[in-house]
Amino acid sequence: MNKLTGAADAAGLFASTLCMVHCLAMPVLLAVLPAMSWAEDGHVHEVLLGVAVVAALLSLGPGYLAHRRRAVPLLGGAGLACLALAMFVVEPRFGHDAEAVASVAGALLLFGAHVRNRICCRRCAGGRIFRSR
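Residues numbered from 1 in each chain as written. Predicted model: local features only at pLDDT ≥ 70, side-chain atom pairs only at ≥ 80, totals over all residues. Heavy atoms only, no water.

Asker: What is the right way to read a nonpolar patch on the surface from this model?
Answerer: Nonpolar side chains collect at one region of the surface, where L85, F88 and V89 lie side by side and expose about 290 Å² of accessible area between them. With respect to the helices, strands and loops of the structure, L85 is situated in helix α4 (residues 71-94). Judged by its relative accessible area of 47%, L85 falls in the partly exposed class. (Patch = residues over 30% accessible without salt bridge, like charges linked within 9 Å, V, L, I, M, F, W, Y side chains within 5 Å. Areas by Shrake-Rupley, 256 points an atom, 1.4 Å probe, with all protein chains shown as cover. Salt bridge = Lys/Arg side-chain N within 4 Å of Asp/Glu carboxyl O. Helix = DSSP H or I, 4+ residues; strand = E, 2+ residues; numbered from the N terminus. Buried < 20%, exposed > 50% of the residue type's maximum accessible area, 1.4 Å probe, protein only.)

Asker: I tried to follow the nonpolar core on my own but got confused; where do I start?
Answerer: Within soluble globular proteins, side chains that are nonpolar generally end up buried alongside one another. Counting 16 residues, the largest nonpolar core has C19, A52, L60, L80, L83 and L110 as its most contacted members. Within the residue set of this core, elements represented by two or more residues are α1 (3-32), α3 (44-67), α4 and α5 (96-124). For L60, the contacting residues outside a window of four places in its chain are D9, A55, V72, G76, A113, H114 and N117. (Core = buried A, V, L, I, M, F, W, Y, C linked by side-chain atoms within 4.5 Å. Contact = heavy atoms within 4.5 Å.)

What follows is the structure in structure tokens.
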């Protein structure tokens, strides 16, 4: 495994966590601080989804080629699908609360995929995962 794959896994873990925090904390912040509404008006969801897709492609794909565990990219794909469906289908149809639930579910799936990818890569690399040579 190379540094790029390790960095992409770390970025994926960070983006998934950021998504969960955003979805869970934003309603509370908007209720307490109405001035925070700018954070919901922009393209926060699109940016987070873009980061998640790029991180997944750069880490889960090469990770699969190394460890051949199909469950890892399938779990990541399910997470990305949940995030995309939450943004493009659930939110317009069912509202923000339903979108937050679907987004958190997708972020958890994606987080699990990145954690599992790191574990599998660490095993197949004999503990030398993501270290420069």
